[in-house]
Number of protein chains: 4
Amino acid sequence: MNKVKIGSVGLGRLGLRHAVNIASRIQGAELAALCDVDGPKLAQTADRLGVRHRFTAFEDLIACKDIDAVVLVSPSALHTKQIKGALDAGKHVFSEKPLGVNASECKEAEKAVEARPDMVFMLGFMRRFDESYQYAHDKVVAGEIGRPVLFRAYSQDPEKFIAGSLAFGPHSGGEFLDMAVHDIDLARWFTGSEPETVYAIGGCYAHPEFADWKDGDNVSCLMKFKNETMVFLFAGRTAPHGYNVETEIIGTKGILRVASVPQKNLVEVLDEHGVRRECGENFLERFDTAYVNEVQEFANCIREGRKPEVTVYDGTRVSEIAYTCKAAFEQGVLLRFK
Amino acid sequence: MNKVKIGSVGLGRLGLRHAVNIASRIQGAELAALCDVDGPKLAQTADRLGVRHRFTAFEDLIACKDIDAVVLVSPSALHTKQIKGALDAGKHVFSEKPLGVNASECKEAEKAVEARPDMVFMLGFMRRFDESYQYAHDKVVAGEIGRPVLFRAYSQDPEKFIAGSLAFGPHSGGEFLDMAVHDIDLARWFTGSEPETVYAIGGCYAHPEFADWKDGDNVSCLMKFKNETMVFLFAGRTAPHGYNVETEIIGTKGILRVASVPQKNLVEVLDEHGVRRECGENFLERFDTAYVNEVQEFANCIREGRKPEVTVYDGTRVSEIAYTCKAAFEQGVLLRFK
Amino acid sequence: MNKVKIGSVGLGRLGLRHAVNIASRIQGAELAALCDVDGPKLAQTADRLGVRHRFTAFEDLIACKDIDAVVLVSPSALHTKQIKGALDAGKHVFSEKPLGVNASECKEAEKAVEARPDMVFMLGFMRRFDESYQYAHDKVVAGEIGRPVLFRAYSQDPEKFIAGSLAFGPHSGGEFLDMAVHDIDLARWFTGSEPETVYAIGGCYAHPEFADWKDGDNVSCLMKFKNETMVFLFAGRTAPHGYNVETEIIGTKGILRVASVPQKNLVEVLDEHGVRRECGENFLERFDTAYVNEVQEFANCIREGRKPEVTVYDGTRVSEIAYTCKAAFEQGVLLRFK
Amino acid sequence: MNKVKIGSVGLGRLGLRHAVNIASRIQGAELAALCDVDGPKLAQTADRLGVRHRFTAFEDLIACKDIDAVVLVSPSALHTKQIKGALDAGKHVFSEKPLGVNASECKEAEKAVEARPDMVFMLGFMRRFDESYQYAHDKVVAGEIGRPVLFRAYSQDPEKFIAGSLAFGPHSGGEFLDMAVHDIDLARWFTGSEPETVYAIGGCYAHPEFADWKDGDNVSCLMKFKNETMVFLFAGRTAPHGYNVETEIIGTKGILRVASVPQKNLVEVLDEHGVRRECGENFLERFDTAYVNEVQEFANCIREGRKPEVTVYDGTRVSEIAYTCKAAFEQGVLLRFK
């Protein structure tokens, strides 16, 4: 089959990364088009990557006959509308999370996907494509750790990027929607179960501004899942050491820890500070390969006529859970899931 | 001043350890008497350690003029009565936790302590005397990690000792009272605050028998403390790797992890299982030095006319918190502390 | 500039990896031709990777006008001849180590390179392109560890591949030439100096067969470099835990350790064997990205009219040092370098 | 049997530690006498530890009827003479290393020991009494790592104590005698073999003063042992991170690393420097328990009529090896052992 011709939408930090990856690191795909409202940045990037089509309007992109698929890395508020538009136009769709910014948008996205069963739709839960998470998941599925007892996940952004966190904060949906959402996906993936109850707490430990939009700079929640697994999630914006995404699955026969030391690379330094590992800074560094792998899987699905493991319903479910965590946090109560 | 003459009560596993420590590792103290209901074991141990007084009845021990202080390592149900008896008889008292098996016993112990302000009373929260916990606590007090955000603690017994856990289980008070109590003490010590709310969950993941006494083989709880610190505790009986007591304090400026790898010693093994650290088996191994240090502090307090940092009220408070965690777990609800 | 059209020679394990990398992971390059004596394998691989030219004879490859550069992953004994042939034919050359199998071959290769200053020649010292080694090297160059005192490097193949090591052994040139050669390159790169003396020892600790070709299954050497840096190299074929390539640079101000735990990924397992990291198996896994980066640099040099940092003289020098180590080992004496 | 009455000689840093240990941490022994040329320090220490006999002259100590044994922590130059004097006087002797400052002194010490087979003589190779080294040694003896291939040991003092190292340097005998001697002992203990050849190098990387007494601030040597084990030792005075004593035994079936991270305690710090372990500072901290254990074994041997595993001949042999390493270093040649 010919290469999948992809049009990538949005040239923010992650959008640019996806564009570069499609242009040079994805087999069986090519970056046929770029779309961004910022004309000069669009032109410069398209020139650099040798992209033949450039659009400032999403409508023009999906009208283009020379593309098979779109990769959406646009602002969250546009996701649902663009998913629907692209699918209606007969384009395969890879969208960064979230599916939509509220429950009704998620339902709308579901309908759009259901209306085009001939199209591949995939949501960007990239952690599932990280080799360490895959390795751990294989072990869990193979029964190597027995029955899951506790799933614990941390997602922490470094304090040194707090200015960005504060600027983006009011539009982020809060930490449960913006950060914990990946951990919610992992919790469901690793336990094969759904949450039953949640209690959520947190606060503004360093930056009172987060309270302005009913968020905290650090939050956590404890959930009981239907299969009895305990799930503890912690998300924070003030990590002193770096970008810290760590996950632990305690089972009755074994325990797995993924990235409990967020090492930047394989170098260990011994100096006046002791024996130390320097830490990574952000998601692009930590999940570099995972971002390639997920789009590779998207391209492979298109070429092989398959559907990805993650469905649009997973997207809806993860969002619903995050909303409920957020509600529990805001109200200070124990909530039960439907 | 002369050596403090100590009578040690109870020759179970920990009682024997305390006896040996007092006999040979505590400066300024001597093991003057032993007390245990098991006559032959008493005689044998006293002979081995060269102890001059032996009693099968606690009343006889406290009537002995030749002892200044007692160390209580008897069954929990006897603690309150023995604390009161010894203090009334004018003996300094070191008691293993718990202070009492219910709230009224704790109050009774408080009164006994209040009635003898001339006596030293100390409760066995040995973790506070572990050099790693002390080192971490010093850093927290010095402000090195900024404001505490999350306190996380695990206390796990190895699966290989499950038979003992099951046999002792019905009398243990459950995991919150038996295991998490040390973590509750640490949480208060490290945060300098008290809990406000608690949600607790868990279950029988490998051993359904624990449900017979309304316990789980693994449990956890999430508490919000008055100073907003989030506190997550996990206690389990099925650790696949060994005795695992680990504690993490996440602050706004730094994070401390105590014993995140429960290494048996400083040996690293590289073989067909990878690069690995073998793990310790039990509390006696992990807290060997702490058990010496706490009794040393008890002896020092007596000799120097000081009172220990931990008071009888700490004992009561920790027990109350553990009861509330247990109630939250049994009822499946969110509880607020008084 | 147009994409660099590369013809890759040799489809062994590493040759296949290079072919796949050029076909899909190198920017600004394309896999225009493949060459291997095994016709069916050649056809199958070329079909799979969509390669337009296929050659069973090297002469035909270098006669092809449609290629700009060759990547040599052929047997060591062919390197010198193919380097010369390709350069003479006006092709840029990337060759896996070694430059030649003896000193005169190395000189011949040097002459071939000198005769074509318009061509890019690069030798495959891939470790220099590993991000951890680069990170460490940057620190050394920046003076962060002060003056280098000791450079220590281990290169160990897993015992489980011993059959392959034994089969290849007689043709490998021995451990110093086959394995330590990368560490020799690193030692020169990190210290910026050259060896003055060497003492080398070793033996057949598990597999007496290695003695048949005057090799050991594990060997080591201690060298004093001209700038006084001590250099200790260890190479072995019987690693019980996996593929272990670790390097330590001890300086007066700091110490760097690269990959002191040869972790397979970011997963830590806690089970009956303790707390452990599973290990990687081979060089393709450990240096996956480095193999991409080095060929990327080769392509970049061609496109940008630059020469690589590593020169043909480095290839000669590293080989000479390895021969001397081998001689010291075989003779059991201390040797001085010229 | 009654307690062993010990007279401890020398109140330097280690001498004071031994005195305190004997006074309070050794079972079946008591600190009956102290001896030091510094009268005021002697009086103060003896008062603090409640010691009944005090001597400023060694002759008076060994004439005292009320002591059974001496512990020698005096300057190295006095060891042989004091060993002989004490044995002749019918006292059991524990001596810190070295046995003597040259070969003839070692022989003299041997004769003194041989002349009194009724006395216990023990040399302070404390590392053999460290629980991690013992654990590793047990595994080696049990065959768990197969045949030893490489023994690697580092002994590094922190740069921050360089003033002391420089002051003591001229009297230290050099790094091989002063520091590597413990590693030489370990190498013999772990391999059960003796060295055959040695090549030694090093230099003054940070402190040229060491050259004044033909020493280096960092040195190393590579030895081949009779059973073919390769032995690499490194000793340095400029460790940037702390007191670093690490040992690795690579076998054909497994590898053991003792203290490859010289962690101060079980606390891990995550802050702006990364994820780090703070390091210990000196031998008293690292080998605290080992110093107790070795004197405990000395006391036990006396009480049980046994002889220690380490003999006076081990002391001589280790010294001889260290002299040969030193000679190889000074002459820059390969030396063969007799």
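Residues numbered from 1 in each chain as written. Chains lettered and ligands numbered in written order. Predicted model: local features only at pLDDT ≥ 70, side-chain atom pairs only at ≥ 80, totals over all residues. Heavy atoms only, no water.

> Before we go on, may I ask you to explain the overall build of chain A in this structure?
Broken down by element type, chain A carries 12 helices and 15 strands. The C-alpha atoms of chain A give a radius of gyration of 20 Å, which matches the 20 Å a tight globule of 338 residues would have. In chain A, which comprises 338 residues, the proportion classed as buried is 66%. Relative to all contacts within chain A whose residues are 6 or more apart in sequence, the contacts with residues 24 or more apart total 70%. Accessible surface for chain A amounts to roughly 11,700 Å². Of this, 52% is attributable to carbon and sulfur atoms. Computed over 41 positive and 48 negative side-chain charges, the inter-centroid distance for chain A is 3 Å. (Helix = DSSP H or I, 4+ residues; strand = E, 2+ residues; numbered from the N terminus. Rg over C-alpha atoms; globule rule 2.2 N^0.38 Å. Buried < 20%, exposed > 50% of the residue type's maximum accessible area, 1.4 Å probe, protein only. Contact = heavy atoms within 4.5 Å. Areas by Shrake-Rupley, 256 points an atom, 1.4 Å probe, with all protein chains shown as cover. Lys, Arg positive; Asp, Glu negative; His and termini not counted. Charge placed at Lys NZ, Arg CZ, Asp CG, Glu CD.)

> Where do I start with the relation of the copies chain A and chain B in this structure?
What relates the pair of chain copies is a rotation about an axis plus a shift along that axis. Overlaying chain A with chain B gives an RMSD of 0.0 Å, the required rotation being 180 degrees about an axis along which the chain moves by 0.0 Å. Expressed as a symmetry operation, the mapping of one chain copy onto the other fits a two-fold axis. (Least-squares fit on C-alpha atoms with pLDDT ≥ 70 in both.)

> In this structure, what is going on with a positive patch on the surface? I would like to understand it.
A surface patch of like charges, here positive, comprises A:Lys3, A:Arg303, C:Lys3 and C:Arg303. Examined against the element boundaries, C:Arg303 turns out to sit in helix α11 (residues 288–304). Owing to a relative accessible area of 33%, C:Arg303 belongs among the partly exposed residues under this scheme. (Patch = residues over 30% accessible without salt bridge, like charges linked within 9 Å, V, L, I, M, F, W, Y side chains within 5 Å. Salt bridge = Lys/Arg side-chain N within 4 Å of Asp/Glu carboxyl O.)

> It is not clear to me how helix α6 (residues 131–141) of chain D should be interpreted in this structure. Could you clarify?
In an α-helix there are 3.6 residues to a turn, and that puts residues three or four apart on one side. Among the residues of α6(D), those classed as buried are D:Ser132, D:Tyr133, D:Ala136, D:His137, D:Lys139 and D:Val140. In a view along the axis of α6(D), the buried residues occupy a sector of 160 degrees, so they form one face of it. Projecting away from the buried face of α6(D) at angles above 90 degrees are the exposed residues D:Glu131, D:Asp138 and D:Val141. Where α6(D) is buried, its residues meet β13 (263–271) and β14 (274–279) of chain B together with α9 (180–191), β11 (244–251), β12 (255–258) and α10 (283–286) of chain D. Backbone geometry just after α6(D) places D:Gly143 at a positive phi near 80 degrees. (Arc of directions from axis to C-beta.)

> Please clarify how the relation of the copies chain D and chain C should be interpreted in this entry.
Superposition record for chain D on chain C: RMSD 0.1 Å, screw rotation 180 degrees, translation along axis 0.0 Å. Both copies contact each other with a shared surface, as 100% of the interface residues of chain D are interface residues in chain C too.

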